[in-house]
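What the coordinates show
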Amino acid sequence: MRWPTLFVSHGSPMLAVEPGRTGPALAGWSRAQGRKPAAILVVSPHWMGQGLALSTRGEQVAWHDFGGFPPELYTLQYAAPGSPGLAGRVRDLLAQQGLRADFDPRRPLDHGAWVPLRYLYPGADVPVVQLSLDMGRDAAGQAELGRALAPLRDEDVLVIGSGSLTHNLRDVRMPQDAPPAAYVPPFQDWYARNLAEGNLQALLDWRARAPGAARAHPHDDHLMPFYVALGAGGPRATRLNDEVAYAALAMDAYQFAD
């Protein structure tokens, strides 16, 4: 079986204790596969920089890389195994494309990784490696990086891009089910339509073409993992979730498979 890839919107760290529709959607997708991957590679905007790095921990730990949230969040863990072997394989694949990736033996899983993984694989029994997000790349560059990772799909590895389809923290409103900000549904619909039509060029030119792009993403870090997943999985997309949390966080999830 060739694995598809996933883009998941992790939204607020509160997703860990407020599943809404997103948690069940991720859990349902995982159950529907009928089996677990041998390992997972995840890209999150909460580990980013210029260039690439890979976590090589033998045992993962959840990093509570946020502040000001309820105490219960800081008690949650995700003690999945790591996989230095997968990290080495990823580095070799990137090297074949002339790309360098450093190893980081200390980096824990940030909340962009472990929060959605708690719904996808709650047993924390699948080895996880995290790849940093290279912010020197635009959407086309992230998709190119994803294509370099595509062979992992034939090696029983699930590639996940974790971010948020919209992410403007200035527009966040309580409670979790507050009405969406006016620009959020049109932005979601634009992505859904262009994915359904296979309009890759429009998607790569999202900043100029998508409605409300500047409001949806004042910074593009939370959208770039979408393009890693798209590049690795191919253009055929299935929408798994379309929830909006806290008015400004579109929680869309997509499966990509060519």
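Structure shown above.
A brief look at the structure comes next. (Residues numbered from 1 in each chain as written. Predicted model: local features only at pLDDT ≥ 70, side-chain atom pairs only at ≥ 80, totals over all residues. Heavy atoms only, no water.)

This part covers the packing of helix H4 (residues 139-149) against helix H9 (residues 224-233). Angle between the axes and distance between the axes: these two values describe a pair of packed helices. For the pair H4 and H9, the least separation of the axes is 6 Å and the interaxial angle reads 40°. Relative to H9, the element H4 lies oblique. Judged by the twist between their axes, the crossing of H4 over H9 is right-handed. Across the interface between the two elements, Ala 139, Gln 142, Ala 143, Leu 145, Gly 146, Arg 147 and Leu 149 from H4 touch Met 224, Tyr 227, Val 228, Gly 231 and Ala 232 from H9. Taken together, the residues of the contact of H4 with H9 break down into 8 nonpolar, 3 polar and 1 charged. (Axes fitted to C-alpha atoms, helices over the stretch in contact; angles between N-to-C directions. Helix = DSSP H or I, 4+ residues; strand = E, 2+ residues; numbered from the N terminus. Parallel < 35°, antiparallel > 145°, perpendicular 65-115°, else oblique. Left-handed = near helix turned anticlockwise from the far one by under 90°. Contact = heavy atoms within 4.5 Å. Nonpolar A, V, L, I, M, F, W, Y, C, P; charged D, E, K, R; others polar.)

Moving on: the nonpolar core. By size, the foremost hydrophobic cluster in this structure holds 50 residues, and its most contacted members are Tyr 191, Trp 206 and Phe 226. At 7 residues, H9 tops the list of elements feeding residues into this core. Sequence-distant contacts of Phe 226, defined by excluding residues within four places in its chain, comprise Phe 7, Leu 165, Tyr 191, Leu 195, Tyr 254 and Phe 256. (Core = buried A, V, L, I, M, F, W, Y, C linked by side-chain atoms within 4.5 Å. Buried < 20%, exposed > 50% of the residue type's maximum accessible area, 1.4 Å probe, protein only.)

Another aspect to go through is the packing of helix H2 (residues 84-96) against H4. In contact at an axis separation of 9 Å, H2 and H4 are set at 120° when each is read in the N-to-C sense. When the axis of H2 is compared with that of H4, the two are oblique. At the point where H2 passes H4, the crossing takes the right-handed sense. Across the interface between the two elements, Val 90, Leu 93 and Leu 94 of H2 pack against Leu 145, Ala 148 and Leu 149 of H4. For the contact of H2 with H4, the residue count by class is 6 nonpolar, no polar and no charged.

As a further point, take the side chain of Thr 166. Considering the arrangement of structural elements, one finds Thr 166 in the loop between strand S6 (157-163) and helix H5 (184-196). What makes Thr 166 buried here is its relative accessible area of 0%. Within the structure, Thr 166 has its side chain in polar contact with the backbone nitrogen of Ala 250 (distance 2.8 Å). Every residue in contact with Thr 166, bar those within four places of it in the chain, is listed here: Val 184, Phe 187, Ala 216, His 217, Ala 248, Leu 249 and Ala 250. (Polar contact = N/O pair within 3.5 Å; in protein donor to acceptor, adjacent residues only side chain to side chain.)

With omega at 0°, the peptide bond leading from Met 174 into Pro 175 counts as cis. As for its position among the elements, Pro 175 is in the loop between S6 and H5. The phi angle at Asp 156 is positive, at roughly 65°, despite the residue not being glycine. Here Tyr 246, not a glycine, exhibits a phi torsion of approximately 55°, which is positive. Looking at the element boundaries, Tyr 246 is found in the loop between strand S8 (244-245) and strand S9 (249-250).

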